[in-house]
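Examining the three-dimensional arrangement
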Amino acid sequence: MFLKTSFTSLIVGVFVVYVLHTCWVMYGIVYTKPCDSPKADNCITPFLAGNPKLQLSIYAAVKPNADGGHTLIHREEDFDVNSKFERIVNVSLPKKTRNNGTLYALIFVHQAGLNPWQDPRQVHLVAQLTTYMVPKPPEISLISGEDQTQGQKQEDQKKKRRDGSSGAGTRAKGGATASTDHPVSHWRSRLTLNIVGDHFLFDREYLPSDVHRYLRVFQNGKKMVYLPLLFVDELSNRVKDLVEINGTSTELPLTVLYDSISLGRLRFWIHMQDAVYSLQQFGFTEKDADEIKGIFVDTNLYFLALTFFVAAFHLLFDFLAFKNDISFWKQKKSMVGMSSKAVLWRCFSTIVIFLYLFDEQTSLLVLIPAGIGSIIEVWKVKKAFKIQIFWKGGKPTFLFGKLDESERRTEEYDTLAMKYLSYLLYPLCIGGAVYALIFLRYKSWYSWLINSLVNGVYAFGFLFMLPQLFVNYKLKSVAHLPWKAFMYKAFNTFIDDVFAFIITMPTSHRLACFRDDVVFLIYLYQRWLYPVDRTRINEYGISYDEKPKGKAHKD
C-alpha cells in the first residue's frame, strides 16, 4: 500500500512540476524584454514609428520563387497597419494548378508608389494557396444507388417544374468525384495576414530567436531599424475551408483577411505553428493537424489557457483511472455484485465506437484513446467470464470458468434486467437501422452497418448501464464497484464535456459525453442510498469482518 501511495504521489508531483514548467515557458514566450533607452546603441527601432505610407501587394505564382511568372491578384493602395479588413478576390488558376499542381501567394508590404520587386525597404512572405489531401469518398443511397450530386439535380429539376421554368437547365459545376486514395490538390480559400502594430524597441542582446527569422533590419545612420513584422497565419487554414480543384476549376474565390497583432501573440502563434508543422513531419495528416488548429484558432487566449489546464488534469485523471482500473480487475476473483452483461456490452460498444471513429477518419486525438480503451475492455471480458485460452496445433480453445452460488444470484438479476431491456432496445435499434438505410446515404454497406450500430450505442447505450444499477438495487450495495477508478473517470467525464465543444467530433459522440453525466449522478445517488456494509464482500472478494480460517490468532 505504501508503494502504491508513493507511486501515485510521485505521479502527482511530476504533474505539478510539468504544469509549473509549462507556465514558466509560456511566460517566456509572451513576454519580451524591451530596450531600456531608445537612444542606446543596442536598440532596434521600428520602421513603423515614422508613419510611412505603405502598400500591400499579393501575387500568385506556380513556384514559390516566382520562377515562371507571377500575376497580381490584389493590391491595397492605402494600407493602414492598424486597420482591419477583409477582401474577396477571384484568382485565375493556371493549367498546371488545375492538373493537380500547386499555387503560391507572394505577399509584399512595401513603400507606396514603388514596385515591390525593386523596393529595398519591402518585406515579403510566401504562402501556399493549395494543399494535397485525399478527397472524402462520395456517399450514395445503398438501395437506389443514387449519389448526392444526382439527388441534388433531381431536386433542382422538380423545383424548376414547380416554378414553371422552361428551357434547358444549367449544367452542374461538377459531377460526382470518383473515389480515390491518392492525394488531390485542394484550394485554400482563406489567406490570413498579420503585422505587429506595437512600436516595440528590441534589445539586440535579448532578441527572441523565434522573431529573428521574421526580422529584417537596415542601418539608418547610427540607428538600427527593423521593417514591419509580417506574418501569415497558417493556423487559420481549416479543412472545412478547402475546395477540391478539378480540371474545370478555372477561377476560385480567395478571402484575404488582415488584422494587426501584438508581439506576444505573434510569438505564441509562431510556436504553435511550428508545433503543428512538427506533428505533420511525424506523420499527422492534414485532418489530424486541423483538430489542433481548431483549439487555437476558434478560442481566445484566456479560454486557451483554461483549455491547457483542463487538458493537463484530463491527462492526470486518465492515467490514475487507468492504473486503478487495471489494479481492480487484476485482483478481481469474484463477479459478485458485478453485471457481466454490462461488462460485455461495454466491450462491444467501445469496439463499435472505435470502428465508427476510424470509418469517419476522426482525429488521432480521439481515435488512439478509443483504441486503447477497446483493448482494455476485451481484457475485462476475459476476467469477468473467467475465460482461459489454450492453444492446440495453432488453434485456440476457450474454457469458461464456473460460477459459485453468490455469482449465480447476481447473474439471475443481470439476466432479468437484460430481458426487460430487450423488449425496448431491439425494436428501436432495428427501426433506426431500416430508416437510415432508406432515407440516408453512406459510403458503403460497411459504413451503414457501423453507423447503425454506433447510433444504437450512442442513443440507447445508457440502457445497457441499467443492469448494473438493477443489480445494485437488488443487492442493496455498491461496495463491489471500483469506486476509486470510477471517481477518476467521473472527473474525466465532466472534463470531456468541455472538450466536446473544443475538439471536432461527430455529434453523436459529443452527445454521449453528456449521457455519461446522467449515469454518474445515478451511481452517486445509489452510493448515498446504500452505505458501505463491512459485512458484505468488497471488490476484492473478501469481507472486512470475516476472520481468516486455519490461522491462529497472535496476540
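Starting from 1, residues in each chain are numbered consecutively following that chain's sequence as written. Where local features are concerned, this predicted model is filtered to residues with pLDDT of at least 70; where side-chain atom pairs are given and counted, the filter is 80 or more; whole-chain, interface and lining totals use all residues. For side-chain calculations, the full set of non-hydrogen atoms in the structure is used, while hydrogens and water are omitted.

**With respect to the sheet that holds strand 10 (residues 202-203)**
Threshold: A pair of strands is treated as paired once DSSP finds two or more bridges between them. Per the convention used, a helix needs a DSSP run of H or I reaching at least four residues, while a strand needs a run of E reaching at least two, with both numbered from the N terminus.
Strand order in the open sheet formed by 4 strands is 10-1-12-11, with mixed pairing between adjacent strands. The open sheet has two free edges, formed respectively by strand 10 and strand 11 (217-220), since each of these has just one partner strand. In terms of strand pairing, strand 1 (residues 43-46) meets strand 12 (residues 223-226) through 3 bridges, oriented parallel. Bridge assignment links proline 46 to a residue of strand 12, and that residue is tyrosine 226.

**Let's talk about the packing of aromatic side chains**
Quick reminder of the rule: When the centres of two rings from Phe, Tyr and Trp lie within 6.5 Å, Trp using its six-membered ring, the rings pair. Their planes under 30 degrees apart give stacked, over 60 give edge-to-face, and anything left gives tilted. Residue burial is assigned from relative accessible area. The probe radius is 1.4 Å, only protein chains are included, and a residue is buried under 20% of its type maximum, exposed over 50%, and partly exposed in between.
If you walk through the whole model with that rule in mind, you get 14 aromatic pairs. Both rings, one in tyrosine 525 and one in tryptophan 528, keep their centres 5.8 Å apart while their planes meet at 35°; by these two values the pair is tilted. Linking tyrosine 525 with tryptophan 528, this pair stays in helix 14 (residues 507-529), spanning 3 residues, or about one helical turn. You can call tyrosine 525 partly exposed: its relative accessible area is 47%. Given the relative accessible area of 64%, tryptophan 528 is considered exposed. The rings of Trp24, Tyr27 and Tyr31 are connected pair by pair, giving a single aromatic cluster.

**Section: the nonpolar core**
Under the convention used in this document: In plain words, nonpolar cores are sets of buried Ala, Val, Leu, Ile, Met, Phe, Trp, Tyr and Cys residues tied together by side-chain atoms within 4.5 Å. Note on definitions: a residue-residue contact is assigned when non-hydrogen atoms from the two residues lie within 4.5 Å.
In this structure, Ile58, Phe79, Ile107, Trp187, Leu191, Leu193 and Leu254 are the most contacted members of the largest nonpolar core, which totals 34 residues. Mapped by element, the contributors of at least two residues to this core are strand 2 (54-61), strand 3 (71-79), strand 4 (85-92), strand 5 (104-111), strand 6 (123-128), strand 9 (190-196), strand 13 (230-232) and strand 15 (251-261). If sequence neighbours within four positions are ignored, phenylalanine 79 has contacts with Leu54, Gln55, Leu56, Phe85, Val109, Ile195 and Tyr258. Within the second largest apolar cluster, 25 residues are counted, among which are Phe200, Val276, Ile292 and Leu304.

**Considering the sheet that holds strand 9**
Rules: In this analysis an axis means a line fitted to C-alpha atoms, helices contributing only their contacting stretch, and an angle means the value between N-to-C directions, from 0 to 180 degrees.
Here we have 4 strands laid out as an open sheet, ordered 4-15-9-13, and mixed in their pairing. Pairing within the sheet leaves two strands with one partner each, and these edge strands are strand 4 and strand 13. Recorded for the sheet is a direction-independent mean angle of 25° between the axes of neighbouring strands. Relative to strand 13, strand 9 runs antiparallel, the two sharing 3 bridges. In the sheet register, leucine 193 faces strand 13, and the bridge partner there is valine 232. Most of the contacts of helix 5 (residues 263-281) go to strand 13, to which it runs at about 40°, and overall it touches strand 9, strand 13 and strand 15.

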